[in-house]
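# Tertiary structure, described
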Amino acid sequence: LERQGVEQLEEICRREGLRLTHQRRVIQEALAGRDDHPTADQLYEEVQATLPDISRTTVYRVLETLVGIGVARSVGHPGPAVRYEVTTARHHHFFCRQCGSLSDIVVPQLDDLPMPAVKGLGFKIEDYSVHFTGTCNECKSK
Ligand SMILES: [Zn+2]
Ligand SMILES: [Zn+2]
């Protein structure tokens, strides 16, 4: 699955005339380095090693920016906190109801559903993702 890293961030900043701040770079790098769909708080904990003075609010704001320019996205799921990822290609998720882990899953049958025409609402549907819920392997074996 296609993932966005610091390279893509650099490219977009150059193209859009945005400043590639140290904070943006470090947060993109931290997010690109994991595949567990971390929350903003988890990323905040992680980047403190590199950016000791950063505030939680700044991490939230930077994440919004990264999502806005398309190098990250937030994942819809049944849990409470927004979670982030750098995988921007269409894919689906498995959410464990017990531990809250969120994993990427590839389901070829779901990858080319025809976009439904929703008459009368004026929506232009462009993408979709499906989330499955259940019990992950780790929780199952407990
Ligand atoms: Zn679990
Ligand atoms: Zn994902």
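Residues numbered from 1 in each chain as written. Chains lettered and ligands numbered in written order. Predicted model: local features only at pLDDT ≥ 70, side-chain atom pairs only at ≥ 80, totals over all residues. Heavy atoms only, no water.

## So, the packing of helix H2 (residues 22-32) against helix H3 (residues 40-47)
As a packed pair, H2 and H3 sit with axes 10 Å apart at the nearest point and diverge in direction by 110°. Taken together, the axis directions place H2 and H3 in an arrangement best described as roughly perpendicular. Crossing handedness for the pair H2 and H3: right-handed. On H3, the residues touching Val 26, Ile 27, Ala 30 and Leu 31 of H2 are Leu 43, Glu 46 and Val 47. Taken together, the residues of the contact of H2 with H3 sort by class into six nonpolar, no polar and one charged. (Axes fitted to C-alpha atoms, helices over the stretch in contact; angles between N-to-C directions. Helix = DSSP H or I, 4+ residues; strand = E, 2+ residues; numbered from the N terminus. Parallel < 35°, antiparallel > 145°, perpendicular 65-115°, else oblique. Left-handed = near helix turned anticlockwise from the far one by under 90°. Contact = heavy atoms within 4.5 Å. Nonpolar A, V, L, I, M, F, W, Y, C, P; charged D, E, K, R; others polar.)

## Side note on the coordination of the zinc ion (ligand 2)
Within the first shell, the zinc ion (ligand 2) binds the protein through His 37 (NE2), Glu 85 (OE), His 91 (NE2), His 93 (NE2) and Asp 104 (OD), at distances of 1.9 to 2.3 Å. Mapped onto the polypeptide sequence, the residues donating to the zinc ion (ligand 2) form the spacing pattern H-x47-E-x5-H-x1-H-x10-D. Of the two residues, His 37 sits in the loop between H2 and H3 while His 91 sits in the loop between strand S2 (83-85) and strand S3 (92-96), which places them 54 residues apart along the sequence. Across the pair, His 91 and His 37 agree in class, each one buried. (Donors = N, O, S within 2.8 Å, 3.2 Å for Na, K, Ca; no water. Buried < 20%, exposed > 50% of the residue type's maximum accessible area, 1.4 Å probe, protein only.)

## Some remarks on the environment of Arg 73
Examined against the element boundaries, Arg 73 turns out to sit in strand S1 (residues 73-75). In this structure the C-alpha to C-alpha distance between Arg 73 and Glu 85, which are 12 residues apart in sequence, comes to 5.5 Å. Discounting residues that sit within four places of it in the chain, Arg 73 has contacts with Val 67, Arg 83, Tyr 84, Glu 85, Thr 87, Thr 88, Ala 89, Arg 90, His 91 and Asp 127. At 3.2 Å, the side chain of Arg 73 and the backbone oxygen of Ala 89 are in polar contact. (Polar contact = N/O pair within 3.5 Å; in protein donor to acceptor, adjacent residues only side chain to side chain.)

## Re the pairing of S3
Buried residues dominate S3, accounting for five of its five residues. A two-sided burial pattern is seen for S3, the buried positions comprising His 92, Phe 94 and Cys 96 on one face and His 93 and Phe 95 on the other. In this structure, S3 lies alongside strand S4 (residues 102-105), joined through four bridges in antiparallel fashion. Bridge pairing in S4 places His 93 opposite Asp 104. Hairpin geometry of S3 and S4 is characterised by an intervening segment of five residues between the two adjacent antiparallel strands and by a positive phi of about 80° at Gly 100. With four bridges joining them, S3 and strand S5 (residues 131-134) adopt parallel strand pairing. Looking at the pairing, Phe 94 lines up with Phe 132 of S5. (Pairing = 2+ DSSP bridges.)

## Re the coordination of the zinc ion (ligand 1)
Only Cys 96 (SG), Cys 99 (SG), Cys 136 (SG) and Cys 139 (SG) from the protein reach the zinc ion (ligand 1) as donors, at distances of 2.3 Å. Metal-centred angles of 105 to 115° between the four donor atoms at the zinc ion (ligand 1) mark the site as tetrahedral. Sequence positions of the residues that donate to the zinc ion (ligand 1) give the spacing C-x2-C-x36-C-x2-C. A relative accessible area of 0% means that Cys 96 is categorised as buried. (Tetrahedral: all angles 85-135°; square planar, octahedral: opposite > 155°, others 65-115°.)

## So, the environment of Phe 123
By secondary structure assignment, the location of Phe 123 is in the loop between S4 and S5. Sequence separation of Phe 123 and Glu 29 is 94 residues, and the distance between their C-alpha atoms is 34 Å.

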